[in-house]
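Observations on the model geometry
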Amino acid sequence: MENSRILVIGGAGYIGSHFTRLAADRGFVPTVMDNLSEGHRAAVQDAEFFQADLLDGEAFRDHLASNRYGALVHFAANCLVGESVANPEQYYRNNVVAAFNMLEAMKATGHDRVVFSSTCAVYGMPEAVPIGEECPKAPISPYGRSKLAIEWMLEDFSAAYGIRAAIFRYFNAAGCEPEHGLGEDHRPETHLIPAVVRAALDMDKELVIFGDDYPTPDGTCIRDYIHVSDLADAHLKALDKLDGLPLIQLNLGTGVGFSNLQVLDAVKRISGKPLTPKIGPRRLGDPPELIADASRARTVLDWKPVRTDLDRIVAEVLQWFTENPRGYGD
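Described below are features of the structure shown in this document. Treat the numbers as computed from the prediction; the structure is a model and nothing was measured.

Turning to the side chain of Lys 147, a few remarks are in order. Position of Lys 147 among the secondary structure elements: in helix 6 (residues 142-161). Of the side chains with opposite charge, Glu 151 comes closest to the buried, unpaired Lys 147, at an N-O distance of 8.4 Å. For Lys 147, the residues in contact, after removing those within four places along its chain, are Ala 77, Phe 116, Ser 117, Ser 118, Thr 119 and Val 122.

Of note, the bond from Val 129 into Pro 130 is cis; its omega dihedral lies within 30 degrees of zero at 5°. Mapping Pro 130 onto the fold places it in the loop between strand 5 (113-119) and helix 6. Residue Pro 188 is bonded to the preceding Arg 187 through a cis peptide linkage, with omega at 0°. Tracing the backbone through its elements, the reader meets Pro 188 in the loop between strand 7 (172-174) and helix 7 (192-200). The backbone of Leu 36 shows a phi angle near 60°, a positive value even though the residue is not glycine.

This part takes up the pairing of strand 4 (residues 71-74). In summary, the side chains of a regular strand alternate between the two faces of the sheet. Where burial is concerned, the two faces of strand 4 agree: the one with Ala 71 and Val 73 and the one with Leu 72 and His 74 are both buried. Pairing of strand 1 (residues 5-9) with strand 4 involves four bridges; the strand directions are parallel. Each residue of the ladder has a partner; that of Ile 9, found in strand 4, is His 74. With three bridges joining them, strand 4 and strand 5 adopt parallel strand pairing. Of the residues in strand 5, the one forming a bridge with His 74 is Phe 116.

Looking now at the nonpolar core. Phe 19 and Phe 168 are the most contacted members of the largest nonpolar core, which has 36 residues in total. Among the elements of the structure, strand 1, helix 1 (14-25), strand 4, strand 6 (164-170), helix 8 (228-241), strand 11 (247-252) and helix 10 (295-301) are those that each provide at least two residues to this core. Residues Leu 182, Ala 200, Val 267 and Trp 320 belong to the second largest nonpolar core, which totals 26 residues.

What follows concerns the sheet that holds strand 12 (residues 258-259). One open sheet holds the three strands; their spatial order is 12-9-14, and the pairing between them is mixed. Either end of the sheet is taken by a strand with one partner, and the two such strands are strand 12 and strand 14 (289-290). With two bridges connecting them, strand 9 (residues 222-223) and strand 14 associate as parallel partners. Note that in strand 14 the partner of Ile 222 across the bridge is Glu 289.

With that out of the way, let us pick up the side chain of Ser 84. Among the structural elements, Ser 84 can be located in helix 4 (residues 81-86). The exposure class assigned to Ser 84 is buried, which follows from its relative accessible area of 0%. The residues contacting Ser 84, other than those within four sequence positions of it, are Tyr 91, Ser 141, Pro 142 and Tyr 143.

Tracing the sequence through the fold places Ala 99 in helix 5 (residues 88-109). For Ala 99, a relative accessible area of 0% puts it in the buried group. Distance from Ala 99 to Arg 113, taken between C-alpha atoms, is 14 Å for residues 14 residues apart in sequence. Setting aside residues up to four positions removed in sequence, Ala 99 forms contacts with Ile 150 and Met 153.

What follows deals with the pattern of salt bridges. A side chain with one charge can pair with a side chain of the opposite charge if their charged atoms come near. All told, the structure shown has 19 salt bridges when counted by the stated rule. As a salt-bridge pair, Arg 93 and Glu 89 come within 3.6 Å of each other at their nearest N and O atoms. Taken together, the residues Arg 93 and Glu 89, both in helix 5 and four residues apart, mark about one turn of the helix. Residues Arg 169 and Glu 151 are paired through a salt bridge, measuring 2.7 Å at the closest nitrogen-oxygen approach. With Arg 169 in strand 6 and Glu 151 in helix 6, the pair connects residues that are 18 residues apart, well separated along the chain. Exposure class is identical for Arg 169 and Glu 151. Each is buried. Taken together, the shared-partner salt bridges in this structure form one network comprising Arg 21, Asp 25, Glu 177, Arg 307, Arg 312 and Glu 316.

Moving on, we come to the packing of aromatic side chains. Counted by the stated rule, this structure contains five aromatic pairs. Ring centres of Phe 19 and Phe 75 lie 5.4 Å apart, and the angle between their planes is 50°; on these two criteria the pair is classed as tilted. One end of the pair, Phe 19, is in helix 1; the other, Phe 75, is in the loop between strand 4 and helix 4, and 56 residues separate them in sequence. Comparing Phe 19 with Phe 75 shows no difference in burial state: the two are buried. Plain terms: the ring middles of Trp 320 and Tyr 328 are 5.0 Å apart, the flat faces sit at 50° to each other, and that makes the pair tilted. Side by side, Trp 320 and Tyr 328 carry an identical accessibility label, which is buried. Here the aromatic cluster, defined as three or more aromatic residues joined through ring pairs, consists of Phe 100, Phe 157 and Tyr 161.

The rules behind each value
Residues numbered from 1 in each chain as written. Predicted model: local features only at pLDDT ≥ 70, side-chain atom pairs only at ≥ 80, totals over all residues. Heavy atoms only, no water. Helix = DSSP H or I, 4+ residues; strand = E, 2+ residues; numbered from the N terminus. Buried < 20%, exposed > 50% of the residue type's maximum accessible area, 1.4 Å probe, protein only. Lys, Arg positive; Asp, Glu negative; His and termini not counted. Salt bridge = Lys/Arg side-chain N within 4 Å of Asp/Glu carboxyl O. Contact = heavy atoms within 4.5 Å. Pairing = 2+ DSSP bridges. Core = buried A, V, L, I, M, F, W, Y, C linked by side-chain atoms within 4.5 Å. Phe/Tyr/Trp six-rings, centres within 6.5 Å; stacked < 30°, edge-to-face > 60°.

Purely spatial values, then, with no claim about function.
Below, the structure is given as structure tokens:
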């Protein structure tokens, strides 16, 4: 990629901020755009930043017309399955309409490269595990449907207008970079590992495991936890691969799953704290098991996850919250 300037949309969020740091370390010049509805200004650190919202399509188009980026990297989305069931309007507006505004602005200003964060939720209840890219797309939540709708838009804009796109279907992003001042700070916290760590540190009063009657060995959901910096590395590799590949669609995961209770045991072991969770009902839209077949990503991107040790991931999150009990403090 000749132009090293990249626009990181949603770069004040969890995954976007980790990507921004790694991109800068590898010689890219990231500019972060975020509406700060869920992200944190402090997570942007020293990168160039401006506050804006993709729902203001005209303002975003004006920005692209005044700037020339080698690529856009899109992390901005609402991403809670249960919330999407309760409020689908929010998800189709903030995810689908916003992404359409981005693509319309790219087309109008001659920007022709984008890396997009999708999700394994597009597969719904998978027919087989591990899940390969050929698995039928049958999302069971408005969140998953909104992401699949954006995938379709990217396919169509690529075919019709020459916009090169890499689409990554994440499994469960995890871990952080406490040595670089970066962590996972959601409010409320819905991701399992930080939620359990917060409970171990007495930061939250109640820890709930949603469902213990799934058809899995211990009755709890099994998930594939991919380190956030491994995700960031895949995005950077895609920027160069788009020179020769106009459309990339890949799963990003480790191929190994851990149950909710296995995560709980890891946190207890690393923290040395006893934990007694409350068992709640299943959450709407939670499949029993989600594990990636990411072999195609290894071939296409020459990429593989390297930070796959669950204990190390837990230790990072534990360090982050111990050093930052108020998160980013905003």
